[in-house]
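Breakdown of the fold
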Amino acid sequence: MASLKVPEPVPSPTLDSERLRKAFQGLGTDEKELILVLGHRNSKQRKEIRETYQQLYKESLIDRLYSELSGDFRNAIILWTQDPAERDAKLANVALKARRKGIKQLQVLVEIACASNPNHLVAVRQAYCSLFGCSLEEDIVASVPQPLRKLLLGLVSSYRYDKVAISLEVAKSEATKIHEAINTKKLDDDHIIWILSTRNLFQLRETFASYKHLYGISLEQGIKNCGKGDLESLLTVVVWCIGSPEKHFAKVVRDSILGFGTDEDSLNRAIVTRAEIDLLKARFEYANMYKSSLDDDVIGDTSGDYRDFLMTLLGKGPKGF
């Protein structure tokens with residue numbers, strides 16, 4: 001369930017572009033107006049605004065936002081205003097170019113491959129080639145060591161069937177195969193990666209349920225029982241993103257605000273990429289998992305226009321559109 005709130009009727013992209021242009025002019029920028037317009041438009045509407053703004057004023061809206069704004073608010077609103085496929089391609093590239101690539105960075109690739117629909121993954125791969133002059137797979141091979149490379153290549157290269165198609169017999173059989181791999185600590189087994197990379201999400205969720213029914217523990221716990229290495233950690237992210245992406249993103253939000261300081265990049269990613277998908281579910285899971293309010297925790301860890309923008313995407317921002 002999306003948290004994004006869009007007005008009815010929606011103003012024309014010309015009117016929205018004029019409002020944005022006016023917000024940029026004069027002494028200072030009217031950040032509240034930017035939030036009211038862009039924070040209440042879906043991806044299709046934002047695309048129309050970008051195109052119309054370019055036609056009307058012969059400049060890129062993204063470039064103008066970059067020059068007018070600063071800090072965390074600028075990063076968040078630009079991430080939101082970008083084309084979703086280009087945005088995720090850039091997030092993947094940043095993760096792969098990081099000097100130290102731990103689970104925190106590589107889970108971005110898992111999110112793109114396992115927590116979005118197959119057509120979006122294809123669009124991200126196309127955008128990656130266009131933006132960076134090579135394939136996503138090439139950069140994974142060049143920068144990620146085995147066995148994580150093998151898992152990520154399988155995930156980003158697949159095209160899953162996106163309709164409901166479930167076989168209980170296949171679920172039981174493949175739960176058994178996964179259990180054997182866990183028992184023998186061969187988590188990078190070719191067949192296991194094939195199962196996780198190619199089966200449709202509905203089939204995999206049935207396989208996860210069969211695993212728990214057959215062996216009395218969740219697949220996540222089974223993987224954790226193998227050890228605490230990077231492969232075990234990344235496979236756990238895979239299981240979460242497939243089985244319950246809203247729980248995964250609730251955890252991303254929680255991890256981003258715990259401890260000293262805030263991981264704004266992770267917080268932005270979780271809220272921006274899920275506001276049109278399942279952020280309401282993530283809010284519910286957050287309350288269940290941490291006995292705390294996601295909204296209150298975000299408010300407590302952010303401030304100013306940045307806080308107002310994130311809360312707008314969470315469906316709690318200022319009205320007036």
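Residues numbered from 1 in each chain as written. Predicted model: local features only at pLDDT ≥ 70, side-chain atom pairs only at ≥ 80, totals over all residues. Heavy atoms only, no water.

In the annotation of an unreviewed UniProt entry, the protein chain is listed under the name Annexin and assigned to Crotalaria pallida. The UniProt entry for the protein chain carries the following text under Sequence similarities (unreviewed entry): "Belongs to the annexin family." (UniProt positions renumbered as here; feature names shortened; annotations may be inferred.)

We now examine the pattern of salt bridges. For the structure shown, the criterion picks out 23 salt bridges. For Lys150, the salt bridge identified is with Asp190, shortest N-O distance 2.4 Å. Of this pair, Lys150 sits in helix 10 (residues 148–157) while Asp190 is found in helix 12 (residues 190–198), placing the two residues 40 residues apart along the sequence. Take Lys150: its relative accessible area is 27%, and that puts it in the partly exposed class. Judged by relative accessible area, Asp190 falls into the exposed class, the value being 53%. Between Arg274 and Asp278 there is a salt bridge; the shortest N-O distance is 2.9 Å. (Salt bridge = Lys/Arg side-chain N within 4 Å of Asp/Glu carboxyl O. Helix = DSSP H or I, 4+ residues; strand = E, 2+ residues; numbered from the N terminus. Buried < 20%, exposed > 50% of the residue type's maximum accessible area, 1.4 Å probe, protein only.)

Before going further, it helps to examine the nonpolar core. Judged by nonpolar contacts, the single largest core of 92 residues is most densely connected at Leu20, Val110 and Val298. Residues within four places of Val110 in sequence aside, it is in contact with Ala115, Leu152, Leu155, Leu234, Val237, Val238 and Cys241. (Core = buried A, V, L, I, M, F, W, Y, C linked by side-chain atoms within 4.5 Å. Contact = heavy atoms within 4.5 Å.)

Here the largest pocket is characterised by a volume of approximately 690 Å³. Ala115, Ser116, Asn117, Arg274 and Ile277 are the residues nearest the centre of the largest pocket, which is lined by 35 residues in total. Taken together, the elements giving at least two residues each to the lining of the largest pocket come down to helix 6 (84–97), helix 7 (103–114), helix 8 (118–132), helix 13 (201–215), helix 16 (245–257) and helix 17 (264–274). The dominant element in the lining of the largest pocket, judged by the number of residues it contributes, is helix 7, at 5 residues. Classifying every residue of the lining of the largest pocket by side-chain character gives 17 nonpolar, 6 polar and 12 charged. Approximately 570 Å³ is the volume found for the second largest pocket. (1 Å grid on protein atoms, 1.4 Å probe; cavity = no way out; pocket = protein on both sides within 12 Å on 5 of 7 lines; lining within 4 Å. Points joined across faces, edges and corners; volume = space filled by probe spheres on them. Nonpolar A, V, L, I, M, F, W, Y, C, P; charged D, E, K, R; others polar.)

Helix length check: helix 3 (residues 43–57) (15 residues) gives 21 Å between terminal C-alpha atoms against 21 Å at 1.5 Å per residue, within 8%. Every buried residue of helix 3 is listed here: Gln45, Arg46, Ile49, Arg50, Thr52 and Tyr53. Those residues of helix 3 hidden inside the fold are in contact with helix 1 (13–24), helix 2 (31–38), helix 4 (61–68) and helix 5 (71–81). In this structure Asn42 caps helix 3, since a side-chain oxygen of it lies 3.2 Å from the backbone nitrogen of Lys44. Remark: Lys58 follows helix 3 within two positions and exhibits a positive phi of approximately 55°. (Expected span 1.5 Å × (residues − 1). Polar contact = N/O pair within 3.5 Å; in protein donor to acceptor, adjacent residues only side chain to side chain.)

By the secondary structure assignment, Gln45 is in helix 3. For Gln45, a relative accessible area of 14% corresponds to the buried category. Every residue in contact with Gln45, bar those within four places of it in the chain, is listed here: Val6, Val10 and His40.

This next bit is on the side chain of Thr29. Relative to the assigned elements, Thr29 resides in the loop between helix 1 and helix 2. Engagement of the side chain of Thr29 in a polar contact is seen with the side chain of Glu68, the distance being 2.6 Å. Beyond its immediate stretch of four places on either side in the chain, Thr29 contacts Ala23, Phe24, Leu34, Glu68 and Leu69.

What follows is about unusual backbone geometry. Going from Glu8 to Pro9, the amide bond is cis rather than trans, its omega being 0°. Along the chain, Pro9 turns up in the segment before helix 1. With an omega dihedral of 0°, the bond running from Gln146 to Pro147 counts as a cis peptide bond. Look at Lys185: it is not a glycine, yet its phi comes out positive at around 55°. Here Lys185 lies in the loop between helix 11 (168–183) and helix 12. With a relative accessible area of 54%, Lys185 lands in the exposed category. Despite not being glycine, Lys291 shows a phi value in the positive range, around 55°. Along the polypeptide, Lys291 turns up in the loop between helix 18 (279–290) and helix 19 (294–301).

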